[in-house]
Amino acid sequence: MAGQSSSTESQVQLRQLRPSFSSHFKEFFVRHLQVFFYSLGLLSRTPFSTLLTAAALGIALALPAGLYVILDHAKQLSGDFDSINQMSLFMKQDISTQAIDRLQKKLNAWPEIAQVKHIDRAAALKEFQENSGFGDALKALKDNPLPHLLIVYPSLTHNEAEQINHLLADLKKLPEVNLVQLDIQWLQRLYAIIHIAQRGIFIIGALLALAVLLIIGNTIRLAIENRRSEIVVMKLIGATDSFIRRPFLYTGFWYGLFGSLIAILLVNLSLLMISNPLAHLSSLYNNSELFSLGLMGINTSLTLLVSSCVLGWLGARMAVGRHLKEIEPK
Amino acid sequence: MILFDQVSKRYPGGNEALSHVNFHLHQGEMAFLTGHSGAGKSTLLKLIALIERATTGNVIIGGKNLHKVSRHTLPYLRRNMGIIFQDYQLLYDRTVFDNVALPLIISGFSSREVKKRVHAALDKVGLLRHEKKYPVTLSGGEQQRVSIARAVVNKPALLLADEPTGNLDPDLSLEIMDLFMAFNQVGVTVLIATHDIPLINQLDKRIVHLEHGQLLTVEED
């Protein structure tokens, strides 16, 4: 040992057991980038089985995502929740038009109220005469029996049933108001139904997220099994566990990404397929926008994408953690 | 470099593969490990490479007691060893270049450095022109030289070889041994398990003989 020249010695002595911390910060990213594409390359070598796995993931993800999109739209069925929430304020007969204008302005300033619409009693009578079929009978009346009507739309921030009740009570106290009408029970029931649907979708989503974890975990387990001899060689030449783990984690990530892309595609295709029948249904309600679903929103798509990638990574992580320790050189 | 102090290894089945082995290989030394099949040659190498751990006694590599090497530091220790197997242990879905580059990639060398070192190692074993080929297209002797290139590319302090010439004919075997001698000449410590007695008798190096798990002769050169 002592007889070696210093230059030779530096070559043949044992190096430190751990690399210095400061050393490869840039290389860390370079290596991650390499593995990122390397794992993609591995998947592209078996395009058919990759596609099958991604399709299974896509279908598992599409179901809760699609239901969520429908529910999300149901909640804001263009303006029709508003019409359910809307309150009709029937004015006392002796209130002047100017007083009603003042009241309308006053109510408009309330934070609980989004909009106040005035339906003039004369206009209402005219419409009633034209549409009700009692036109001639009404013409026989000397006075207009209809009161002025203010329609109050609560603002979206005060849309909960309890807040509506509150607002209702406040409006009843107004001296100009004769009667306030709101079918609150119908509203409460609808909220209850939507709440159940939300919970149901949450449960389905959780179960299918578990399915995604298991599908990816199982796929990665098979990949590890297929590359057992390679892992042994890697371990023999000094690869750390994290080095061996990395490509599998990225593989899980890719599966998650592809799965979510397929899911987004499936959901949007389904939405397109039901858009025509929906438009027809809407036309029967004389409102072409009533049941329009459109496509999956960008936020929903991004959420699906990110959570799917995380699920993929997690599933891979679970599988790798369990199986990598079992594979040791013999 | 390698120090065995009263080392015994008993496998779970109950048979004792090594019993009370004392053995010292100095830095820069080269030695052959001989003995019949089942005499414990492979076990001794496995203890050094930390594929197995000693039941009793201490194995000390480069001043490091292997009892104290944890699962986490083990890979870093292995990077100081080039290990060569009878069956080459190459990755057959990767090119010769990629096989040899593997230890460098594991250690995090830049791609420029990887290229330089892989070319140097392949040049040393005379396979530079085959770098883009896949191992299956090479002969046994060439594949073994690829595995040697992979073992030395990281400039390890220690080369371990388990029957490196076991599948090769005598001429090729001598070529491989010459390679090991060349590495030893630049200061690498080399330990080779083999039962090719005629071959190593030509080479004038220390021979360590194992029989039934016990060290019989230690011929100092």
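Residues numbered from 1 in each chain as written. Chains lettered and ligands numbered in written order. Predicted model: local features only at pLDDT ≥ 70, side-chain atom pairs only at ≥ 80, totals over all residues. Heavy atoms only, no water.

1. Notes on the nonpolar core
Here's step 1: In this structure, Ile2, Phe4, Phe23, Leu44, Ile48, Met81 and Leu191 of chain B are the most contacted members of the largest nonpolar core, which totals 81 residues.
Here's step 2: It is helix 11 (residues 241-284) of chain A that contributes the most residues to this core, 12 residues altogether. (Core = buried A, V, L, I, M, F, W, Y, C linked by side-chain atoms within 4.5 Å. Buried < 20%, exposed > 50% of the residue type's maximum accessible area, 1.4 Å probe, protein only. Helix = DSSP H or I, 4+ residues; strand = E, 2+ residues; numbered from the N terminus.)

2. Thoughts on the interface of chain B and chain A
Here's step 1: If you look at the interface, chain B gives 38 residues, while chain A gives 33 residues.
Here's step 2: A buried area of about 3400 Å², summed over both sides, lies between chain B and chain A, and 57% of it is on carbon and sulfur atoms.
Here's step 3: Put simply, chain B and chain A have 4 salt bridges between them.
Here's step 4: One salt bridge connects Asp241 of chain A with Arg71 of chain B, and the closest N-O pair in it is separated by 2.4 Å.
Here's step 5: Between the two partners, chain B and chain A, sit 6 residue pairs in polar contact (both at pLDDT 80 or more).
Here's step 6: At 5 residues, the largest contribution of residues to the side of chain B that touches chain A is made by helix 3 (residues 96-107) of chain B.
Here's step 7: For the side of chain B that touches chain A, a count of residues per class yields 17 nonpolar, 12 polar and 9 charged. (Contact = heavy atoms within 4.5 Å. Buried area = accessible area lost by both parts, 1.4 Å probe. Salt bridge = Lys/Arg side-chain N within 4 Å of Asp/Glu carboxyl O. Polar contact = N/O pair within 3.5 Å; in protein donor to acceptor, adjacent residues only side chain to side chain. Nonpolar A, V, L, I, M, F, W, Y, C, P; charged D, E, K, R; others polar.)

3. A short note on the sheet that holds strand 4 (residues 177-181) of chain A
Residues and elements named next belong to chain A.
Here's step 1: Spatially, 4 strands are ordered 2-3-1-4 in an open sheet, and the strand pairing comes out antiparallel. Edge positions in the open sheet fall to strand 2 (113-119) and strand 4, since each of these has one partner strand only. When strand polarity is set aside, the average angle formed by the axes of neighbouring strands in this sheet is 20°.
Here's step 2: Pairing analysis gives 4 bridges linking strand 1 (residues 87-91) to strand 3 (residues 149-154), with the strands arranged antiparallel. Each bridged residue has a counterpart across the sheet, and for Phe90 the counterpart in strand 3 is Leu149.
Here's step 3: Against the sheet, helix 8 (residues 161-172) engages strand 1, strand 2, strand 3 and strand 4, with an angle of about 5° to strand 1. (Pairing = 2+ DSSP bridges. Axes fitted to C-alpha atoms, helices over the stretch in contact; angles between N-to-C directions.)

4. Brief notes about a nonpolar patch on the surface
Here's step 1: Taken together, the side chains of Leu265, Leu269, Leu272 and Leu295 of chain A present a nonpolar region at the surface, about 400 Å² in accessible area.
Here's step 2: Within the secondary structure layout, Leu269 of chain A lies in helix 11. (Patch = residues over 30% accessible without salt bridge, like charges linked within 9 Å, V, L, I, M, F, W, Y side chains within 5 Å. Areas by Shrake-Rupley, 256 points an atom, 1.4 Å probe, with all protein chains shown as cover.)

5. Re the sheet that holds strand 2 (residues 16-25) of chain B
Residue and element names in this part refer to chain B.
Here's step 1: Read from one edge of the open sheet, 4 strands run 2-1-4-5, paired in antiparallel fashion. The open sheet has two free edges, formed respectively by strand 2 and strand 5 (64-65), since each of these has just one partner strand.
Here's step 2: In the sheet, strand 1 (residues 2-10) pairs with strand 2 via 6 bridges, with the strands oriented antiparallel. Residue pairing for strand 2: Lys9 is matched across the bridge by Leu18.
Here's step 3: With respect to the sheet, helix 1 (residues 41-48) is in contact with strand 1, strand 2 and strand 4 (56-61), its orientation differing from that of strand 1 by roughly 120°.

6. Re the packing of helix 10 (residues 228-236) of chain A against helix 11 of chain A
Residue and element names in this part refer to chain A.
Here's step 1: Running from N to C, helix 10 and helix 11 point in directions that differ by 150°, and their axes come no closer than 10 Å. In terms of orientation, helix 10 and helix 11 fall into the roughly antiparallel class. For the pair helix 10 and helix 11, the crossing hand works out as right-handed. Contacts from Ile231, Met234 and Lys235 of helix 10 reach helix 11 at Asp241, Phe243, Ile244 and Phe248.
Here's step 2: Counted by class, the contact of helix 10 with helix 11 contains 5 nonpolar, no polar and 2 charged residues. (Parallel < 35°, antiparallel > 145°, perpendicular 65-115°, else oblique. Left-handed = near helix turned anticlockwise from the far one by under 90°.)

7. Observations concerning the packing of aromatic side chains
Two aromatic rings are characterised by how far apart their centres lie and by the angle between their planes.
Residues and elements named next belong to chain A.
Here's step 1: Inspection of the entire model under this criterion finds 7 aromatic pairs over all chains.
Here's step 2: On the numbers, 5.3 Å between centres and 65° between planes, the contact of Phe253 with Trp254 is edge-to-face.
Here's step 3: On the basis of relative accessibility, which here comes to 22%, the residue Phe253 falls in the partly exposed class.
Here's step 4: Of the residues examined, Trp254 reaches a relative accessible area of 7% and is grouped as buried. (Phe/Tyr/Trp six-rings, centres within 6.5 Å; stacked < 30°, edge-to-face > 60°.)

8. Section: the confidence of the model for chain B
Here's step 1: Across chain B, the average pLDDT comes to 89, with 98% of residues at or above 70.
Here's step 2: Reported confidences for the modelled complex are a pTM of 0.72 and an ipTM of 0.88. (pLDDT = per-residue confidence, 0-100.)

9. Digging into the pattern of salt bridges
Residues and elements named next belong to chain B.
Here's step 1: Counted under the stated rule, the structure contains 14 salt bridges over all chains.
Here's step 2: The residue Glu16 makes a salt bridge to Arg10 at a minimum N-O spacing of 3.6 Å.
Here's step 3: The class of Arg10 is partly exposed, set by a relative accessible area of 44%.
Here's step 4: Across the salt bridge formed by Glu113 and Lys116, the nearest N and O atoms sit 3.7 Å from each other. With a gap of 3 residues between them, Glu113 and Lys116 both fall in helix 4 (residues 111-124), about one helical turn apart.
Here's step 5: Under the relative-accessibility criterion, Glu113 is labelled partly exposed at 24%.

10. Re helix 8 of chain A
Residues and elements named next belong to chain A.
Here's step 1: Here helix 8 spans 17 Å end to end across 12 residues, near enough to the 16 Å set by a 1.5 Å rise per residue.
Here's step 2: Of the residues making up helix 8, those classed as buried are Ala161, Ile164, Leu167, Leu168 and Leu171. Viewed along the axis of helix 8, the buried residues span an arc of 120°, placing them on a single side of the element. Facing away from the buried side of helix 8, by more than 90 degrees, are the exposed residues Glu162 and His166. (Expected span 1.5 Å × (residues − 1). Arc of directions from axis to C-beta.)

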